[in-house]
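Listed below, chain by chain, are the residues.
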Amino acid sequence: MTKVATTLRDRLAPLVQAMGYEFVGCEYHGQGRYSVLRVYIDSETGITLTDCSRVSEQLSAVLDVEDPIPGKYSLEVSSPGVDRPLFEIAHYQKQIGHWLKVRTYTPIQNQRNFVGVLLRVEGNDVYLLVGAEERMLSFSDIEKANIVAGIRGK
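What counts as what
Residues numbered from 1 in each chain as written. Predicted model: local features only at pLDDT ≥ 70, side-chain atom pairs only at ≥ 80, totals over all residues. Heavy atoms only, no water. Pairing = 2+ DSSP bridges. Helix = DSSP H or I, 4+ residues; strand = E, 2+ residues; numbered from the N terminus. Axes fitted to C-alpha atoms, helices over the stretch in contact; angles between N-to-C directions. Buried < 20%, exposed > 50% of the residue type's maximum accessible area, 1.4 Å probe, protein only. Contact = heavy atoms within 4.5 Å. Expected span 1.5 Å × (residues − 1). Arc of directions from axis to C-beta. Disulfide = S-S within 2.5 Å. Salt bridge = Lys/Arg side-chain N within 4 Å of Asp/Glu carboxyl O. Core = buried A, V, L, I, M, F, W, Y, C linked by side-chain atoms within 4.5 Å.

1. Considering the sheet that holds strand β3 (residues 73–78)
Thinking step 1. On the basis of which strands lie adjacent, the open sheet formed by 3 strands has the order β1-β2-β3 and mixed pairing. The open sheet has two free edges, formed respectively by β1 (22–31) and β3, since each of these has just one partner strand. Adjacent strand axes in the sheet meet at a mean angle of 15°, parallel and antiparallel pairs treated alike.
Thinking step 2. Strand direction decides the pairing type here: strand β2 (residues 34–42) and β3, joined by 6 bridges, are parallel. Paired with V39 across the strands is V77, a residue of β3.

In structure tokens, the structure reads:
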């Protein structure tokens, strides 16, 4: 997670939680003159467009006052969807038995992209069954991870 995304998470998570939603995570993509801040929220009953609008209005007001992002950007608020992104180690612990698609910051044995079943989480290590091989990935090496929708189990 980038320093900007970490700072934004630390600032926005309490606001989203105070509104009664789960703050799943956020992604910041700086792309020259146009950047995107994507915030994922969830709740026990699911997320509607009204929920996204409500949270977006509150976050926009705070971001306009504090102005933590240089230049212009677009704020997107959405549910995590069926291909839920995993941001925290606790998210992985809840998804044991699910198929994941994982990308690492740097190659591990000449490979950056892994698709496999999440077997377990031990400390900050994530264990995937990739093909017939068990692979251990350190959480700090993971750039991005998502559930592979529609597939469960080995």
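Structure's up, so let's keep going.
2. Let's talk about the pairing of β2
Thinking step 1. Taken across its 9 residues, β2 has 7 buried, putting it largely inside the fold.
Thinking step 2. As paired elements, β1 and β2 share 9 bridges and run antiparallel to each other. Along β2, the bridge assignment pairs G30 with S35.
Thinking step 3. Adjacent in sequence and paired antiparallel, β1 and β2 are bridged by 2 residues, among which G32 carries a positive phi angle near 65°.

3. Describing the environment of L137
Thinking step 1. Mapped onto the elements of the fold, L137 is located in strand β7 (residues 133–138).
Thinking step 2. Looking at L137, the relative accessible area reads 0%, which means it is buried.
Thinking step 3. Taking the C-alpha atoms as reference points, L137 and G81, separated by 56 residues in sequence, lie 24 Å from one another.
Thinking step 4. In this structure L137 touches V102, T104, I108, F114, N124, D125, V126, L128 and I142, once residues within four positions along its chain are discounted.

4. Quick word on helix α2 (residues 49–66)
Thinking step 1. Compared with an ideal rise of 1.5 Å per residue, which puts 18 residues at 26 Å, α2 spans 25 Å between its outermost C-alpha atoms and is within 8% of the ideal.
Thinking step 2. Of all the positions in α2, only D51, C52, V55, S56, L59, V62 and L63 are classed as buried. All buried residues of α2 project into a common sector of 140° when viewed along the axis, lining one side. In α2, those exposed residues whose orientation departs by more than 90 degrees from the buried face are L49, T50, E57, D64 and V65.

5. Re the state of the cysteines
Thinking step 1. Under the defined criterion, the tally for this structure stands at 0 disulfides.
Thinking step 2. Cysteine C26 remains unbridged, with the sulfur of C52 as its closest cysteine sulfur at 15 Å.
Thinking step 3. A residue is classified by how much of its surface remains accessible, and C52, at 12% relative accessible area, is buried.

6. Some remarks on the side chain of H91
Thinking step 1. Residue placement: H91 occurs in helix α3 (residues 89–93).
Thinking step 2. Not counting residues within four places of it along the chain, the set of residues in contact with H91 comprises V24, P85 and L86.

7. With respect to the pattern of salt bridges
Thinking step 1. Counted by the stated rule, this structure contains 12 salt bridges.
Thinking step 2. With a shortest N-O distance of 3.1 Å, R9 and D10 are connected by a salt bridge.
Thinking step 3. Assessed through its relative accessible area of 48%, D10 is described here as partly exposed.
Thinking step 4. When the shortest N-O distance is used, the salt bridge between E134 and R120 registers 2.8 Å.

8. Some details on the nonpolar core
Thinking step 1. Residues L8, L12, L37, V39, V55, L59 and V77 are the most contacted members of the largest nonpolar core, which totals 20 residues.
Thinking step 2. Here this core takes 5 residues from helix α1 (residues 3–18), the largest share from any one element.
Thinking step 3. Excluding residues that lie within four positions of it along the chain, L8 makes contacts with A13, C26, Y28, L37, L63, P68 and I69.
Thinking step 4. If you look at the next biggest cluster of nonpolar residues, it comprises 15 residues, including F114, V126, L128 and A145.

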